[in-house]
Amino acid sequence: MRDVADTVVVVCSIENVDAMGVHTGDSITVAPALTLTDKEYQVLRNAAATCLKTVGVETGGANVQFAVHPKQASGRSSR
């Protein structure tokens, strides 16, 4: 949610746990997101706030969705 004073609140983060990583509407999700580091969460939060500002959401809420590649996020490795 964002207001005209540019105050941003993330109400909920939801993580898709399906192996395919694509949210279909029938996908299994958990809230809050469990595998993001705080740094990853803040990057996504800031990007969502930028999206709201860019598209002109001045008051109210919006649904912003991102995909994070598990092997590239924060230097994670599959080793």
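Residue positions are given per chain, counting from 1 as you read along its sequence in written order. Per-residue local features are limited, in this predicted model, to residues with pLDDT of at least 70; the limit for side-chain atom pairs, both in listing and counting, is 80 or more; totals at the level of whole chains, interfaces and linings are taken over all residues. Remark: hydrogens and water are excluded; side-chain values derive from all non-hydrogen atoms of the structure.

Here a strand is any run of E in DSSP of at least two residues, a helix any run of H or I of at least four, and the numbering for each starts at the N terminus. A tally of regular secondary structure across the chain gives 1 helix and 2 strands. Any two residues whose heavy atoms approach within 4.5 Å at even a single point are treated as in contact. Contacts in the chain between residues at least 24 apart in sequence constitute 39% of all its contacts with a sequence separation of at least 6.

What follows covers the pattern of salt bridges. Only one rule defines a salt bridge in this text: a Lys or Arg side-chain nitrogen within 4 Å of an Asp or Glu carboxyl oxygen. Here the structure, examined in full by the defined rule, presents 2 salt bridges. Between Asp 6 and Arg 2 there is a salt bridge whose closest N-O contact spans 2.8 Å. Owing to a relative accessible area of 10%, Arg 2 belongs among the buried residues under this scheme. In this structure, Lys 53 engages Asp 6 in a salt bridge whose closest nitrogen and oxygen atoms are separated by 3.7 Å. Highlighted residues: Lys 53 in helix α1 (residues 38–55) and Asp 6 in the segment before β1 (15–16), separated in sequence by 47 residues. Any residue under 20% of the maximum accessible area for its type is buried, any over 50% is exposed, and the rest in between are partly exposed; the area is computed with a 1.4 Å probe on protein chains only. Its relative accessible area of 38% is what places Asp 6 among the partly exposed residues. Here the salt bridges share partners, and the residues they tie into one network are Arg 2, Asp 6 and Lys 53.

Further remarks concern the side chain of Ser 13. Within the secondary structure, Ser 13 sits in the segment before β1. Sequence-distant contacts of Ser 13, that is, excluding residues within four places in its chain, are made with Val 30, Ala 31, Pro 32, Ala 33 and Tyr 41.

Right, let's get into unusual backbone geometry. Here the amide bond leading from Ala 31 into Pro 32 is cis, since omega sits at 0°, within 30 degrees of zero. Structurally, the position occupied by Pro 32 is in the loop between β2 (29–30) and α1. Despite not being glycine, Asp 6 has its phi angle at roughly 70°, a positive value.

Further remarks concern the confidence of the model for the chain. Known as pLDDT, the predictor's per-residue confidence is scaled from 0 to 100. Put simply, the chain has an average pLDDT of 81, and 84% of its residues get 70 or more. Least confident of the elements in the chain is β1, whose mean pLDDT is 82; most confident is α1, at 92.

Patches here are clusters of residues that have more than 30% relative accessible area and form no salt bridge, with a 9 Å joining cutoff for like charges and a 5 Å cutoff for nonpolar side chains (Val, Leu, Ile, Met, Phe, Trp, Tyr). Every accessible area reported is derived by Shrake-Rupley at a probe size of 1.4 Å, with residue values counting cover from the shown protein chains alone. Residues Met 1, Val 9 and Val 11 make up a contiguous nonpolar surface patch of roughly 300 Å² in combined accessible area. The topology assignment puts Val 11 in the segment before β1. A relative accessible area of 63% means that Val 11 is categorised as exposed.

When you line up the elements, Val 4 lands in the segment before β1. Spatially, the C-alpha atom of Val 4 lies 9.6 Å from that of Lys 53, the residues being 49 residues apart in sequence. Setting aside residues up to four positions removed in sequence, Val 4 forms contacts with Glu 58 and Thr 59.

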